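Residue-level structure breakdown
Below, each chain spelled out in residue letters.
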Amino acid sequence: MQEPVGTKGLIFNEPLLWEKGAKGRCGFSIPRRDVDAFPVDEAIHGDGPDFPDLGESDVVRHFTRLSQWNFSVDSGMYPLGSCTMKYNPKTNERQAALPGFAGAHPLLPTELSQGVLQMMYELERYLGEITGLSAVTLQPAAGAQGELTGMLIFYAYHQTQGRKRSKIIIPDTAHGTNPASATLCSYKSVPVKSDENGVLAPADVAAVMDDDTAGIMVTNPNTLGLFEDNIREVAEIVHDHGGLVYADGANMNAVMGIVNMADSGVDVLHLNLHKTFATPHGGGGPGSGPVCVTPELEHFLPTPRVIEKDGAYFLSENYPDSVGKIHAFYGNFGVQIKAYSYIRSMGADGLKMASQLAVLNANYIKASLKDTYYLPYDRPCMHECVFNDKFLSDFKVSTLDVAKRLMEYGFHPPTIYFPLVVAGAIMIEPTETECKQDIDMFIDAMKSIAQEARENPELLHEAPTTPKVRRLDEITAARKPCLCG
Ligand SMILES: *Cc1c(COP(=O)(O)O)cnc(C)c1O
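Residues numbered from 1 in each chain as written. Predicted model: local features only at pLDDT ≥ 70, side-chain atom pairs only at ≥ 80, totals over all residues. Heavy atoms only, no water.

Remark: helix H7 (residues 143-160) packs on helix H8 (residues 177-184), axes separated minimally by 9 Å, with the N-to-C direction vectors making an angle of 40°. With respect to their mutual orientation, H7 and H8 come out oblique. Remark: the crossing between H7 and H8 carries right-handed chirality. Contacts from Ala 144, Glu 147, Leu 148 and Met 151 in H7 reach Thr 177, Asn 178, Ser 181, Ala 182 and Leu 184 in H8. In terms of residue class, the contact of H7 with H8 is made up of five nonpolar, three polar and one charged. (Axes fitted to C-alpha atoms, helices over the stretch in contact; angles between N-to-C directions. Helix = DSSP H or I, 4+ residues; strand = E, 2+ residues; numbered from the N terminus. Parallel < 35°, antiparallel > 145°, perpendicular 65-115°, else oblique. Left-handed = near helix turned anticlockwise from the far one by under 90°. Contact = heavy atoms within 4.5 Å. Nonpolar A, V, L, I, M, F, W, Y, C, P; charged D, E, K, R; others polar.)

Taken residue by residue, H8 has Asn 178, Ser 181 and Ala 182 as its buried positions. Seen end-on, H8 carries its buried residues on one side only, within an arc spanning 100°. Looking at the residues trailing H8, positive phi occurs at Ser 186, about 70°. (Buried < 20%, exposed > 50% of the residue type's maximum accessible area, 1.4 Å probe, protein only. Arc of directions from axis to C-beta.)

On to unusual backbone geometry. Along the chain, Thr 303 connects to Pro 304 via a cis peptide bond; the corresponding omega equals 0°. Among the secondary structure elements, Pro 304 is positioned in the loop between strand E7 (291-293) and strand E8 (305-309). With omega at 0°, the peptide bond leading from Ala 463 into Pro 464 counts as cis. Tracing the chain through its elements places Pro 464 in the loop between helix H15 (457-462) and helix H16 (474-479).

Counting residues in each nonpolar core, the largest one holds 54 residues, and the members touching the most others are Leu 127, Ile 216 and Phe 277. Residue assignment for this core shows that the elements contributing at least two residues are helix H6 (114-131), strand E4 (213-219), helix H10 (231-240), strand E5 (244-248) and helix H12 (333-369). For this core, the element with the highest residue contribution is H12, accounting for ten residues. Residues within four places of Leu 127 in sequence aside, it is in contact with Val 136, Leu 138, Leu 271, Leu 273, Phe 277, Pro 290, Cys 292 and Ile 343. (Core = buried A, V, L, I, M, F, W, Y, C linked by side-chain atoms within 4.5 Å.)

Glancing now at the packing of aromatic side chains. With the rule as written, the count across this model stands at eleven aromatic pairs. Measuring from centroid to centroid gives 5.9 Å for Phe 71 and Tyr 78, while their planes differ by 55°, and the two rings are tilted. With centroids separated by 6.2 Å and ring planes inclined at 55°, the aromatic side chains of Tyr 155 and Tyr 187 adopt a geometry described as tilted. Taken together, the positions of Tyr 155 in helix H7 and Tyr 187 in the loop between H8 and strand E3 (188-192) put the pair 32 residues apart, joining distant regions of the chain. Here Arg 125 stacks its cationic end above the ring of Tyr 121, 4.1 Å away from the centre of that ring. The positively charged end of Lys 390 is found above the aromatic ring belonging to Tyr 374, 4.1 Å away from the centroid. (Phe/Tyr/Trp six-rings, centres within 6.5 Å; stacked < 30°, edge-to-face > 60°. Lys NZ or Arg CZ within 6 Å of the ring centre and 35° of its normal.)

Attention now moves to a nonpolar patch on the surface. A cluster of nonpolar side chains, namely Ile 11, Val 59, Phe 63, Leu 66 and Trp 69, defines an oily patch on the protein surface of about 400 Å² accessible area. Along the polypeptide, Val 59 turns up in helix H3 (residues 56-68). Note on Val 59: relative accessible area 30%, which makes it partly exposed. (Patch = residues over 30% accessible without salt bridge, like charges linked within 9 Å, V, L, I, M, F, W, Y side chains within 5 Å. Areas by Shrake-Rupley, 256 points an atom, 1.4 Å probe, with all protein chains shown as cover. Salt bridge = Lys/Arg side-chain N within 4 Å of Asp/Glu carboxyl O.)

Have a look at this one:
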């Protein structure tokens, strides 16, 4: 095992700014006054806010130290599965900060917003080409809002067919937002179990699909990191009953430029620009969840829509069947620029290679660790692989212990206890940008932890002891949450 990286350095304790300040310190200088002093009316002005007096270094060091308590993709490997914490090239931030974009006001008339509208129009075309679903809206602010938009489109579609359906089929591997979005649209979720291979079996879908079911929501690749290889048969069964197929495309980074979603029978799909298309996320956003649909469903997309005529761009509200507006203005525009910049700088071949490398890296980890950690579905995976703690239970070591101990080896823990279909799940997504040396270090750390579990389980139960924050009392935190700061 190599010397662990990351958490063994100096970590400064840092008090609150209020505890740090001292009367009379000042962080800036202002020009000498050239008018007479004038008393401020204290009755109106009051005492002023209770801000501490601080010098410049006090403030700079305070926030720099706090930032050093954080772990990020810029400090090390971040193998969270289902979230795709990939490296987000800094050039995308630069493009998003260009004054023409950053200063564009959404209420400007379209003739003064041509560049902005062109960018949105072209991004829609790119996403249409990548997914095979050519009509796109950029409005939804996240994957979950994309799902809601998709469900509204399902509802509108069935309504124009003169029928009202009440159910949606959702596999047991689905992300929790899927049934939540369906419920918001008054659909009742009908769960379907994945088979022994971790994917949907057509017969199981056929058994529940009926004429009161609006369609199915399938995550592909699914949350076990497996490709739903029966998707065509499943789509056919749903379509035969007049239903629609929704694909949760949060895992699209495994199949960009490789799978055409329309060819696999999908009618509506959302993307997470903040997962697949290189916008940083975590801490709640901002995100972007564009929805891509077949040409037949285009007239239901939210308005306004960006349209092009003779090289000029316009916003059109003229879509009477539209599900309406689902976000202020046009969604999270800054995120759209970053995705556009990412797609343009990668090119078609680059995007395809990103997917291929993401899949290669995940399969390398899967193959390297499958004798050490239990692998419930031993088949080729996509961009992430799922183990669990079955081999460790004899030593009273759990998935949580492994995750906590990993921090002491300098790695952010992977996603744990998700997906729910695997008890004690450890879900690892290395992403395409990690090099072999870094992945090997992660594999070594995981193997070394499994060894410790056998020889010295106490070490894992107490972990982490070196990072800034030790093991938290999660039960008390859940039972008696402190909500007042
Ligand atoms: C992240 C994710 C979502 C939800 O997306 P948000 O952008 O977080 O709302 C839905 N499905 C899957 C599979 C996901 O990984």
